[in-house]
Amino acid sequence: MPLVASVYQAPWALRSGHLQTILPLCLPRRYARWQTSERLELPDGDFVDLHWQRGGFGRLVILSHGLEGSSEAVYIRGMAATLSRAGWDVLAWNYRGCGGVANRLPRSYHSGESEDLRHVIVHAGQGYSRMALVGFSLGGNITLKYLGEATAHPAITSAVAVSAPVDLASSAGALDSRRDNGLYLRRFLKTLITKMEAKARQFPDHVAVEGIRRIRTIREFDDRYTAPLHGFRDAEDYWARASSLPHLPKIQVPALLLNAQDDPLLAASSFPEGAAGASSFLHLETPRHGGHVGFLDFAQGLIPWHERRAVQFLNGGDDDPAAPGMHASS
């Protein structure tokens, strides 16, 4: 309890983790613009930007994006649209240095930055008595880490983590060592390196970028930049302390971890059956297919299955009528 038997079925032509990962980025979905935006000042003098979709529903979902993503990512905008239709207000936040705006400090964000999420939740909680969390990829790890490392905000009633690398070391290894992950690795390194070069221009006394273009792995980048800029000894120390995996047994609100077995960015340790089996709160659902934040099935047009599944879970269970055609049992 609660290991969830998933009913997600990928169309036969989409039973490829890579195709499921890439195709959603190419589909022509249309989204409404964010209604309002605001800048949340942080205690250390930095800031994060918040984007709101309000319908006066009295309940709020906070969305956390993935590595090098933003509130404009297709999976964030899609989830926001689906949640709005299901009767939720939505807040999506950009991590420090994301969304095309440089932050003020030498540090930026990292894969375990749950303290910034905590500030966002406290700020948003001033206007809501019921809130939920949804995180994607890196944002899923942050979401689960927040829930397990300390008592959650009293208004938080549930959470969903989609395609979350709960063990960062193994996911970094999957990116670095799997030959067929080269496209993702190059894409991430390109934007990370470009940002670090900009950071060096902003803080030449704190960041040195000589030879940065010779970096070829996430391990090298995290060793040289992510770890020291955020107070970690090295990449291994960073991955160990920023991973949500050790915190999963301490989660005390209903949380769904939805990871596809063919996700090219995840390794075996991001499917924590032991932790879920021993928990009354952590629900682990591992469909055979779905890729990384894919889960296309075209049962409701271009709305991917994981968006409907998230609404179902956040609305309180497997029999919610807001998600027709879905049922899961544990």
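None of the values given here were measured: they were computed from a predicted structure.

S.K.: Describe the confidence of the model for the protein, listing the residues and the values that go with them.
M.R.: With 95% of its residues at a pLDDT of 70 or more, the protein shows a mean pLDDT of 93. For residues 318–330, every residue scores under 50 in pLDDT, and the model assigns this stretch 31 contacts once sequence neighbours within four places are set aside.

S.K.: Before we move on, can you summarise the nonpolar core with the specific residues and values?
M.R.: In this structure, Ile62, Leu91, Trp93, Met131, Leu144, Leu147 and Ile156 are the most contacted members of the largest nonpolar core, which totals 40 residues. With 5 residues, the single largest contributor to this core is helix α4 (residues 138–149). If sequence neighbours within four positions are ignored, Leu91 has contacts with Leu50, His51, Trp52, Leu60, Val61, Ile62, Leu63, Val120 and Ala124. In terms of nonpolar packing, the next biggest core, distinct from the first, is built from 29 residues, Leu83, Trp88, Trp305 and Leu314 among them.

S.K.: Requested: an account of the pattern of salt bridges, with residues and values cited.
M.R.: If you walk through the whole model with that rule in mind, you get 19 salt bridges. Measuring nitrogen to oxygen at the nearest pair gives 2.8 Å for the salt bridge that ties Arg39 to Asp49. In this pair, Arg39 is assigned in strand β2 (residues 36–41) and Asp49 in strand β3 (residues 47–53), connecting sequence segments 10 residues apart. Between Glu149 and Lys145 there is a salt bridge; the shortest N-O distance is 2.9 Å. Taken together, the residues Glu149 and Lys145, both in helix α4 and 4 residues apart, mark about one turn of the helix.

S.K.: Help me get a handle on the sheet that holds β3, residues and values and all.
M.R.: Strand pairing in a sheet relies on backbone hydrogen bonds, with the paired strands running either antiparallel or parallel. Ordered by their spatial adjacency, 9 strands build an open sheet running β1-β9-β8-β7-β6-β4-β5-β3-β2, and the pairing between neighbours is mixed. Each having just a single partner strand, β1 (3–4) and β2 make up the two edges of the open sheet. Bridge count between strand β8 (residues 255–258) and strand β9 (residues 282–285): 4 bridges; the pairing is parallel. Its bridge partner being in β9, Leu256 is matched across the sheet by His283. Most of the contacts of helix α2 (residues 74–85) go to strand β4 (residues 60–64), to which it runs at about 170°, and overall it touches β3, β4, β5 (89–94) and β6 (131–136). Packed on one face of the sheet, helix α3 (residues 114–124) meets β2, β3, β4, β5, β6 and β7 (156–162) and runs near 160° to β4.

S.K.: Residue-level account of α4, with values.
M.R.: The terminal C-alpha atoms of α4 lie 16 Å apart, and with 12 residues this matches the ideal 16 Å at 1.5 Å per residue to within 8%. Summarising burial for α4: 11 of the 12 residues are buried, a large majority.

S.K.: An account of the packing of helix α6 (residues 182–202) against helix α7 (residues 218–229) is needed here, citing residue identities and associated values.
M.R.: It is the contact of α6 with α7, at a shortest axis distance of 11 Å, that shows an interaxial angle of 35°. Once α6 is placed against α7, the crossing between them reads as left-handed. Contacts from Leu185, Leu189, Leu192, Ile193 and Met196 in α6 reach Ile218, Phe221, Tyr225 and Leu229 in α7. Its residues placed into classes, the contact of α6 with α7 shows 9 nonpolar, no polar and no charged.

S.K.: Give a description of the environment of Leu42 that names residues and reports values.
M.R.: Summarising the element assignment, Leu42 is placed in the loop between β2 and β3. Among the residues examined, Leu42 registers a relative accessible area of 5% and is labelled buried. Residues Leu42 and Ala255, 213 residues apart in the sequence, show an inter-C-alpha distance of 27 Å. What Leu42 contacts, discounting residues up to four positions off in sequence, is Phe47, Val48, Arg96, Asp116 and His119.

S.K.: How would you explain the environment of Asn94 if you had to name every residue and give the values?
M.R.: Here Asn94 lies in strand β5. With relative accessibility at 5%, the residue Asn94 sits in the buried group. Residues Asn94 and Arg107, 13 residues apart in the sequence, show an inter-C-alpha distance of 15 Å.

S.K.: Before we move on, could you go through empty space enclosed by the protein and cite the residues and values that matter?
M.R.: Think of a ball as big as a water molecule: rolled over the atoms, this probe shows where empty space is left. One pass over the structure, following the stated rule, counts 1 cavity of 30 Å³ or more. Approximately 40 Å³ is the volume found for the largest cavity. Surrounding the largest cavity, Phe47, Val48, Asp49, Asn94, Tyr95, Arg96, Gly97, Cys98, Val101 and Asn103 form its lining. For the lining of the largest cavity, the element with the most residues is β3, which contributes 3 residues. Here the residues of the lining of the largest cavity are counted per class, giving 5 nonpolar, 3 polar and 2 charged.

S.K.: Please give an account of the packing of aromatic side chains that cites residues and values.
M.R.: Applying the stated criterion to the full structure yields 9 aromatic pairs. Judged by centre distance (5.6 Å) and plane angle (75°), the ring pair of Tyr8 and Phe295 falls under edge-to-face. Placement of the pair is Tyr8 in the loop between β1 and α1 (17–22) and Phe295 in the loop between β9 and α10 (305–314), with a sequence separation of 287 residues. Like Tyr8, the residue Phe295 is buried in the burial classification. Arranged with centres 5.4 Å apart and planes meeting at 45°, the rings of Tyr95 and Tyr109 form a pair that is tilted.

S.K.: Can you lay out the side chain of Lys199 for me, pointing to particular residues and giving the numbers?
M.R.: Within the secondary structure layout, Lys199 lies in helix α6. At 6.3 Å, Asp46 is the nearest oppositely charged side chain to Lys199, a buried residue that forms no salt bridge. Residues in contact with Lys199, not counting those within four places in the same chain, are Asn103, Leu105, Pro106, Arg107 and Val207.

What counts and what doesn't
Residues numbered from 1 in each chain as written. Predicted model: local features only at pLDDT ≥ 70, side-chain atom pairs only at ≥ 80, totals over all residues. Heavy atoms only, no water. pLDDT = per-residue confidence, 0-100. Contact = heavy atoms within 4.5 Å. Core = buried A, V, L, I, M, F, W, Y, C linked by side-chain atoms within 4.5 Å. Buried < 20%, exposed > 50% of the residue type's maximum accessible area, 1.4 Å probe, protein only. Helix = DSSP H or I, 4+ residues; strand = E, 2+ residues; numbered from the N terminus. Salt bridge = Lys/Arg side-chain N within 4 Å of Asp/Glu carboxyl O. Pairing = 2+ DSSP bridges. Axes fitted to C-alpha atoms, helices over the stretch in contact; angles between N-to-C directions. Expected span 1.5 Å × (residues − 1). Left-handed = near helix turned anticlockwise from the far one by under 90°. Nonpolar A, V, L, I, M, F, W, Y, C, P; charged D, E, K, R; others polar. 1 Å grid on protein atoms, 1.4 Å probe; cavity = no way out; pocket = protein on both sides within 12 Å on 5 of 7 lines; lining within 4 Å. Points joined across faces, edges and corners; volume = space filled by probe spheres on them. Phe/Tyr/Trp six-rings, centres within 6.5 Å; stacked < 30°, edge-to-face > 60°. Lys, Arg positive; Asp, Glu negative; His and termini not counted.

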